[in-house]
Amino acid sequence: MSSRRTRPSLVLRRTDSPVPLQSMVALGEMGAGVPAGDRVWTAREMRAQEWVEELAVEDETVDVILDTLEDHFGDTIPVAEVVIGCSLVDGPVLGVANEDVVLGAEDALLELAEEDDLEVALRKLVFQGDIVALDNGVFVAPGLVAERD
């Protein structure tokens, strides 16, 4: 992505009225999730996640991502890293304060993070606490709202 960005049709803004995180963890078709926090999976646990298995069947690059995570982290793979890595394949699934699920938010996430690389942007937003990775492959953002042009 070039350094000259056009304004995305979806914009993510911080809200003064965040939604409680606990009310957001049951988002998406993948069912309820648990915040990743500092949790880790073994390589076997990571590959046994239903949503990871389904994504790997749909796109063979998921196996490359999983192999890379195993090579980098060994047998204690941070759950958030799995969610970030897999979301690069199919785009992140994001829940925000005013919408249950937002798809196609890549440009808005890049803009919010002020980054040009989605992987870097997702890590930055997770680290800052703007988005929370859930162990079901979804991100939630209790303090963000989506605005569409």
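Bear in mind that the values here come from a model prediction, so they are computed numbers and not experimental data.

Reading guide: rules and limits
Residues numbered from 1 in each chain as written. Predicted model: local features only at pLDDT ≥ 70, side-chain atom pairs only at ≥ 80, totals over all residues. Heavy atoms only, no water. Helix = DSSP H or I, 4+ residues; strand = E, 2+ residues; numbered from the N terminus. Rg over C-alpha atoms; globule rule 2.2 N^0.38 Å. Buried < 20%, exposed > 50% of the residue type's maximum accessible area, 1.4 Å probe, protein only. Contact = heavy atoms within 4.5 Å. Areas by Shrake-Rupley, 256 points an atom, 1.4 Å probe, with all protein chains shown as cover. Lys, Arg positive; Asp, Glu negative; His and termini not counted. Charge placed at Lys NZ, Arg CZ, Asp CG, Glu CD. Expected span 1.5 Å × (residues − 1). Polar contact = N/O pair within 3.5 Å; in protein donor to acceptor, adjacent residues only side chain to side chain. Patch = residues over 30% accessible without salt bridge, like charges linked within 9 Å, V, L, I, M, F, W, Y side chains within 5 Å. Salt bridge = Lys/Arg side-chain N within 4 Å of Asp/Glu carboxyl O. Core = buried A, V, L, I, M, F, W, Y, C linked by side-chain atoms within 4.5 Å.

Draft legend 1. Local environment of the overall build of the chain. A tally of helices and strands in the chain yields six helices and eight strands. Reading the chain from its N end, one meets helices and strands in the order β-β-α-α-α-β-α-β-β-α-α-β-β-β. A compact globule built from 149 residues would reach a C-alpha radius of gyration of about 15 Å, and the chain, at 15 Å, matches this within 12%. Viewed in the frame of its principal axes, the chain has a C-alpha envelope of about 40 × 35 × 25 Å. Within the chain, the fraction of its 149 residues that count as buried is 42%. Considering only contacts in the chain between residues 6 or more positions apart, those separated by 24 or more positions represent 69%. Accessible area for the chain stands at about 8,100 Å²; split by element, carbon and sulfur atoms hold 48% of it. Looking at the chain, you have 11 positive and 31 negative side-chain charges, and the mean spots of the two groups are 8 Å apart.

Draft legend 2. The arrangement of helix α4 (residues 79–90) in detail. Its 12 residues give α4 an end-to-end C-alpha distance of 17 Å, which sits within 8% of 16 Å, the value for a rise of 1.5 Å per residue. α4 sits mainly inside the fold: nine of its 12 residues count as buried. Those residues of α4 that sit buried are Val79, Ala80, Glu81, Val82, Val83, Ile84, Gly85, Cys86 and Ser87. Positive backbone phi, at 85 degrees, marks Gly91, one or two positions downstream of α4.

Draft legend 3. Layout of the side chain of Asp130. Looking at the element boundaries, Asp130 is found in the loop between α6 (118–128) and β6 (132–133). Taking relative accessible area as the criterion, Asp130 reaches 13% and is therefore assigned buried. A polar atom in the side chain of Asp130 sits 3.0 Å from the side chain of Arg14. Looking at Asp130, its side chain comes within polar contact range of the side chain of Gln128, at 2.7 Å.

Draft legend 4. Representation of a negative patch on the surface. On the surface, Glu50, Glu53, Glu54, Glu58 and Asp90 cluster together into a patch of negative charge. No other element matches helix α2 (residues 50–58), which puts four residues into the negative patch. Among the structural elements, Glu50 can be located in helix α2.

Draft legend 5. Spotlight on the nonpolar core. Within the largest apolar cluster, 40 residues are counted, with the highest numbers of intra-cluster contacts made by Leu12, Val82, Leu94, Val96, Leu109, Ile131 and Phe139. Among the elements that take part in this core, α4 stands out by supplying six residues, more than any other. If you look at the next biggest cluster of nonpolar residues, it comprises seven residues, including Val93, Leu134, Val138 and Val140.

Draft legend 6. Just helix α5 (residues 106–113), in detail. Within α5, burial applies to Ala108, Leu109, Leu110, Leu112 and Ala113. Looking at the buried side of α5, the elements it contacts are β1 (10–14), β4 (93–96), α6 and β8 (144–148). Downstream of α5 by one or two residues, Glu114 has phi in the positive range, about 55 degrees.

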